[in-house]
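Summary of the model geometry
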Amino acid sequence: MTLNVFGTFLLLGLWCPALVTGQGCPLPWQTFEQSCYLFYMTETLDYAHATEMCYKHGASLVSISSQTEFSFLTQQLSVRDQTGHSWYTSGMTDAGMSVIKWQGDGTVSQGDDWWLSLQHRNLTSHRVVFRADVYRWGLSKSVSSASLAAVCEIAVLEAHRIGRNDRDFTYGTNITDPRLAPHGPMFILHPANLVVVPDSRSTTDGEHLTISVECFADGIPAPTYRMLQTRENGTVVTITTNYDPRYTLTGGRLSIVHPVEALDGGMYQCEASNVFGTVYSDLANITFGVLEQFPNVPRAPIVVLEYQSAAIECDPPQFRPAVTYQWYRGTVADFVRPELNPHMFISSNGKLYFSEVTQTDEADYNCIVKLSPGKDPMSTTQPPSRISLPIPLKIGGSEPAMWGPEIADGFIASFPNKPLVGDAVKLECLAYGTLPLIYSWSRKDKSLPEGAIQTDHNRVLTLPDVSLDDAGTYHCTVSRTTGNTAVAVHHLVIETRPYFISPLPNTHADVGSRLTWRCEAKAIPRAVYMWYKDGHPLFPVPGDLHVSTNVLTIMSVDAARHGGMYQCVALNTHGVSYSGAQLRVLAFKPTFAKDPLQESISAAIGSQVRLDCSPEAAPKPEFSWSRNGVDLNAVPDDGSSRLRLMADGDLLLAEVVAADAGQYCCTAANSLGTDNSCGTLTVVQNTVLTTKPTNTFGRVNATSVLMCSASFPGGADSIYMWSFNDRLIDTKRQKQYTIGTPQSPGTLYITNAQYHYAGTYTCSAWTPHGAVNASAVYIVEGPPGPPAGVFVADGGVSNSTVTLVWTEGAKHGPDVDIHHIEACTEHNHTWVVIAAGIPAAGTIWEGGDRRHLYHVTNLKPGNGYYFRVRGANGLGVGQPSLSSTMYRIPGAPPIIYPREVGGGGGVVGLLTITWQPLPPEDQGSGGVGYRVFWRLANTTRYSEVNLTENIGQYVVTVGLDNFWLLYEVKVAAFNNLGQGPISPDRVFIYSAEDIPKGAVTNVYAWPYNSTAIQVTWDIVPNIRQFMGGTLLGYQVNYKFRDDPDAGWDAISWRGETSYGIVIGLDVYTWYSVDMQVLNTAAMGPRSEIYHARTFKDAPKLYPQEVWVYSHSGSSVRLKWRGVNTQTGEENIEGYVVRYWQTTDDIRSATDVRTERVETEVVIYGIQKDTVYECRVFAFSRGGDGQHSETRYFTLGGLIPFDPSITDVMAAASAVVPNLTLCLLACLLFHFYRHFN
């Protein structure tokens, strides 16, 4: 029997199950029609915590189904809330601007008349809330992160569930420890994605790569497992050990030896079952990494003018799932380093950018791509990489000029393009122009996210672990010291695979009762829901089962039909999430075996006392009380009587008097039987503890509550104090403690509990006449503590294997279920998991208490390893143990072959073979060297050589006649203990090229414009006899014809082409040109000489008096005053009008040409309400002339325009909407797009 002192009862927003209204809803819940409502504003909560608060009472946030319900709710809010809070509902706006989807009951309604106004309905937030204006209450919208009040709702038929959160798997059994109670399977370790790189562990002795897919479910009795695979072709396979000899299935761990993409790629899912039912794990995707070779076709040169911008495409080969990029110039030792060269930038899209090039940037550039797993782990620590053929960058002459900054096309760029919650997001910004360029970042209306990192001269903004709150509009500002500035804008949208903000709770329901289960997942795009029972999809059954999106209702629960394991499944385009729980249907007679009335209790005269009656029973029993054998006939709680029967069976005595002393008995009865329990109430003059703290288990990092209440003599001053291990708690200094609330002044709250908070807590209730106290033990549970004593057993080291021993860490509550073993080496100090999910029960060592032993395999010979261990239980993964001492694996021949075998190039007569030297951790022992094999393609006998150094290149002399021949090469590593595997066959390279023998013929040249000439020639056959190898390109040599002392200049083009343009020449000048073919070795013989002269100058004057007039509903007419040619200029051939939209780049402009004498033109296809820019210039054989000033026009004609403020000023010929209307139109357009 327990006693509780009532403090002041606050009607609004407090939870107290003590009082009932008489209509089936306990106070302070309000009844209306068939529902109970709680108006909660004791504290404000965000949406997730408001949902959780309602779920704890078996309820949900309110759903509105009718006008009468809406009127009731607004009337209640107008009475209860005079300060104008906003209140959460379960509503979300869906496809239409006014359509509301109610997460509480899965229904949809229009609700046009419920919104406060059209403006409130059109807000871009999604959560539907109640809000008040000066006239009335109605619906509005809010974001999920806002802290608001909340309205909860539950059906009257389920009101018995309110506050019933004390049932667990021991309820209705004779078991008291929940950890020992039988229950269905619940996954605590799900399979994980993996990227498999084939042959990453193949060896010559038959060993192959082994991968594993693993899951673990907690359950009593222990679950059995099946592994399901959905292959790429849609075939579903149930995997067993007999299915394929490559498979081993032990518990929830599937091992696959020598995985093959056609058989083993796809989605994997664990199924765990015991006598209570079946559940599925989350899905894991096994993909096979692919990185093809770059094509063996030379790339055309990139030709740009000096002091302009440039970009080189990597054009990577096919890959899966992702690659990273690096560049080098000339030789592999000269990597591009943007941190030292701020005019260079390597984007995550693979391109190499130059803000401004100079002659020093002219070189051959090679792109390196390396296979990357993206966000998932990879089966190898040595992913393959590829190197492109050289990409020449040629720089033409130009005059230096200060220009920019100009934001490059495509920037700001986001990587990944569509980020998900948890991704590391890179926002890249790049501007072209003369250095120095200064970059800075900002976010509209908010500061940059906490943890954001700016790197690469502030051109890259990294958000390491992006959340939904990081979405928004980001600005990159680039400026120069001259004051010129450019700004780029990017709207970052964050999406997420579904994750449950309200997981499905285990439920222990009375037989015949109605049950409504709700689950809610956060997902962008919105989640679609499905329900499963014991692994089978659920569908509505009229009169029995109602399924509506995230809400499942069972009209009358029955053990045979409804007991089992249920899963709510939420899915969207980004993934699937499962939330599982068990439904136990209970039916048994009342019993006080676990919680009888307290034998003796004292209460002070004038106090208020509550006698606790808490039997276990299903269905809910009827209660009656007697005193000294006489039935009390206590009336149901009416809020005013001195003797009241509470809804949960407790007996409340208000204003205790001496005559209340005696023996009290509570009798509980249901359709299955009856039981009772008795205790004695003593009435005293002094203070007594009516609720004493009880031994309590808490969760690490969570909040725990220790209850304490006292009965004080009427009118006495009182205070509660708490001590921890006999030391008084000071809540001002010890912030983890809070004592008392207005409803429960003696309660102790322990927040963010840590293991060292465990101990003895004492509650003391003080009055001026003395104190009473009681103590309880508080135990903190959580993941296991760090294991201890990690060592390798005597004689436990062998080739690639150690026998590891450790002592289990502190339990902190539940038993340890699994262990994870991590390791690092003397060469690589990063800890990696080498054995995951090891069942604790299978590794117990007979050599000592709580000791475990495990054989760790697949270790690399010759390495010194350090080991550490983590334990895990149903509450999480614990901290790692201290590192072991170093254990050296016996040396052995290398277990892998050298990677990146290739080569080519060099001096004629030589064959250059290259490979990637073995890193120290793969060498296996000392004395590392390499055995190199080569043979002419399509022959049988290999030549070979042994190299005794750890190098990555060998050059063979094959003779001058053997230029540019195809050779097959292989490489194997060896050490002082033997040779390792040989690299795979069919790696082909060419010997070095000879000087080209073929001469270029039929060379012709003629003027192109005033500073360029065009040259054509016949293509030289790209065969070995002529080329000495393979064609790299053609080179034009040119010099002044009339200057015998002039030197030769040159320009070249890569690839098989028959013409080129030589730029940067003097005006109206004769030149002599000849040609040479070239390969990587040298240039061929020179051709005959041809002579050509450039044209006279282009027009130096620009057109003036440019006017634009409206012409039709989609065209305008332009007029201008033409120009006259001057001495030294070619005759004018016509004019060009170049126009583009103001919001576009000039590089997207459209040109319209006229005949020579015409000085006006009509432009068609002009869009309404769009501002255009235009320039006019003359052209001749000498090239394009000077451009006119920029003019701005619309469909209505010429307009004044100030681009610095992007505002169109008044013009007589056009009516232009003001900026406010334009912005409003943009907002409405984006709002419409979002919902459609």
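Below or above, wherever it landed, is the structure these notes cover.

1. Considering the environment of Phe-335
In this fold, Phe-335 is placed in the loop between β27 (322-329) and β28 (344-346). For the pair formed by Phe-335 and Asn-366, sequence separation is 31 residues and the distance between their alpha carbons is 9.4 Å. In this structure, Phe-335 is in contact with Gln-326, Trp-327, Tyr-328 and Ile-368, ignoring residues within four places of it in sequence.

2. Side note on the state of the cysteines
For the coordinates displayed, the defined rule picks out 9 disulfides. Between the sulfur atoms of Cys-25 and its disulfide partner Cys-36 the distance amounts to 1.9 Å. Here the disulfide of Cys-25 and Cys-36 is left-handed, its torsion about the S-S bond being about -80°. Pair noted here: Cys-25 is in the loop between β1 (19-20) and β2 (26-27) and Cys-36 is in strand β4 (residues 35-45), with a separation of 11 residues, a long-range link. For the pair shown, Cys-25 and Cys-36 are each scored as buried. In this model Cys-429 forms its disulfide with Cys-476; the gap between the sulfur atoms is 2.0 Å. Sign of the S-S torsion, about -85° for the bond between Cys-429 and Cys-476, identifies this disulfide as left-handed.

3. Some details on the side chain of His-819
Tracing the backbone shows His-819 in strand β75 (residues 818-825). Polar side-chain contacts of His-819 include one of 3.3 Å to the side chain of Trp-806. Not counting residues within four places of it along the chain, the set of residues in contact with His-819 comprises Trp-806, Glu-808, Ala-835, Ala-836, Gly-837, Ile-838, Ala-840, His-852, Val-869, Arg-870 and Gly-871.

4. Considering the sheet that holds strand β92 (residues 1049-1054)
Reading across the sheet, the 4 strands line up as β92-β91-β94-β95 and stay open at both edges, with antiparallel pairing between neighbours. In this open sheet, the two edge strands, each paired with only one partner strand, are β92 and β95 (1090-1093). Direction aside, the axes of adjacent strands within the sheet are offset by 30° on average. Pairing geometry for strand β94 (residues 1070-1078) and β95, over 4 bridges, is antiparallel.

5. Brief notes about the pattern of salt bridges
The tally for this structure, following the rule as stated, stands at 41 salt bridges. The partner of Glu-520 in a salt bridge is Arg-127, and the shortest N-O contact between them spans 3.5 Å. On the criterion of sequence distance, the pair formed by Glu-520 in strand β45 (residues 520-524) and Arg-127 in strand β9 (residues 127-132) is long-range, its members being 393 residues apart. Summarising the burial analysis for this pair, Glu-520 and Arg-127 share the class buried. Residue Arg-627 pairs with Asp-660 through a salt bridge whose shortest N-O separation is 3.6 Å. Of this pair, Arg-627 sits in strand β56 (residues 622-627) while Asp-660 sits in the loop between β60 (651-653) and β61 (662-670), and the two are 33 residues apart along the sequence. Relative accessible area serves as the criterion here: at 22%, Arg-627 is assigned to the partly exposed category.

6. Some words on the nonpolar core
With 28 residues, the main nonpolar core has Ile-407, Phe-411, Leu-427, Cys-429, Leu-430, Tyr-439 and Val-478 as its most contacted residues. Other than its neighbours up to four places away in sequence, Val-478 contacts Pro-405, Ile-407, Cys-429, Ala-431, Leu-437, Ile-438, Tyr-439, Asn-484, Thr-485 and Ala-486.

7. Some points on the environment of Pro-861
Position of Pro-861 relative to the elements: it lies in the loop between β77 (851-856) and β78 (864-873). Accessibility expressed as a relative area gives 7% for Pro-861, which makes it buried. Distance in space between the C-alpha atoms of Pro-861 and Ser-798 is 9.0 Å, their sequence separation being 63 residues. Not counting chain neighbours up to four residues away, the residues in contact with Pro-861 comprise Ile-889, Pro-890, Gly-891, Ala-892, Pro-893, Ile-895 and Gly-924.

8. Structural notes on empty space enclosed by the protein
Summed over the entire model, instances satisfying the criterion amount to 1 cavity of 30 Å³ or more. Its boundaries defined by the atoms lining it, the largest cavity holds a volume of some 40 Å³. Lining the largest cavity are Tyr-47, Thr-51, Tyr-55, Ser-60, Leu-61, Ser-90, Gln-103, Gly-104, Arg-518, Glu-520 and Asn-550. When contributions to the lining of the largest cavity are tallied by element, the ones reaching two or more residues are α1 (47-56) and β5 (60-61). In terms of residue count, α1 provides more of the lining of the largest cavity than any other element does, 3 residues in total. Each residue belonging to the lining of the largest cavity can be placed in one class, and the counts come to 3 nonpolar, 6 polar and 2 charged.

9. Here we look at the packing of aromatic side chains
Using the criterion set out here, one finds 32 aromatic pairs in the structure. Ring centres 6.3 Å apart and planes at 70° place the aromatic pair Phe-345 and Phe-411 in the edge-to-face group. With Phe-345 in strand β28 and Phe-411 in the loop between β33 (406-407) and β34 (413-415), the pair connects residues that are 66 residues apart, well separated along the chain. For Phe-345, a relative accessible area of 0% gives the class buried. In this structure Phe-411 comes out as buried when scored by relative accessible area, which is 9%. Ring plane angle 25° and centroid distance 4.7 Å describe the contact between Phe-724 and Tyr-761, whose orientation is recorded as stacked. Within this pair, whereas Phe-724 is found in strand β67 (residues 719-724), its partner Tyr-761 is found in strand β71 (residues 759-767), the two being separated by 37 residues in sequence. Accessibility classification places Phe-724 together with Tyr-761 in one group, the buried group. Every member of this aromatic cluster is reached through a ring pair, and the members are Phe-724, Tyr-737, Tyr-757, Tyr-761 and Tyr-778. Note that Lys-970 overlies the ring of Phe-933, its terminal NZ or CZ placed 5.9 Å from the centroid.

The rules behind the values
Residues numbered from 1 in each chain as written. Predicted model: local features only at pLDDT ≥ 70, side-chain atom pairs only at ≥ 80, totals over all residues. Heavy atoms only, no water. Helix = DSSP H or I, 4+ residues; strand = E, 2+ residues; numbered from the N terminus. Contact = heavy atoms within 4.5 Å. Disulfide = S-S within 2.5 Å. Buried < 20%, exposed > 50% of the residue type's maximum accessible area, 1.4 Å probe, protein only. Polar contact = N/O pair within 3.5 Å; in protein donor to acceptor, adjacent residues only side chain to side chain. Pairing = 2+ DSSP bridges. Axes fitted to C-alpha atoms, helices over the stretch in contact; angles between N-to-C directions. Salt bridge = Lys/Arg side-chain N within 4 Å of Asp/Glu carboxyl O. Core = buried A, V, L, I, M, F, W, Y, C linked by side-chain atoms within 4.5 Å. 1 Å grid on protein atoms, 1.4 Å probe; cavity = no way out; pocket = protein on both sides within 12 Å on 5 of 7 lines; lining within 4 Å. Points joined across faces, edges and corners; volume = space filled by probe spheres on them. Nonpolar A, V, L, I, M, F, W, Y, C, P; charged D, E, K, R; others polar. Phe/Tyr/Trp six-rings, centres within 6.5 Å; stacked < 30°, edge-to-face > 60°. Lys NZ or Arg CZ within 6 Å of the ring centre and 35° of its normal.

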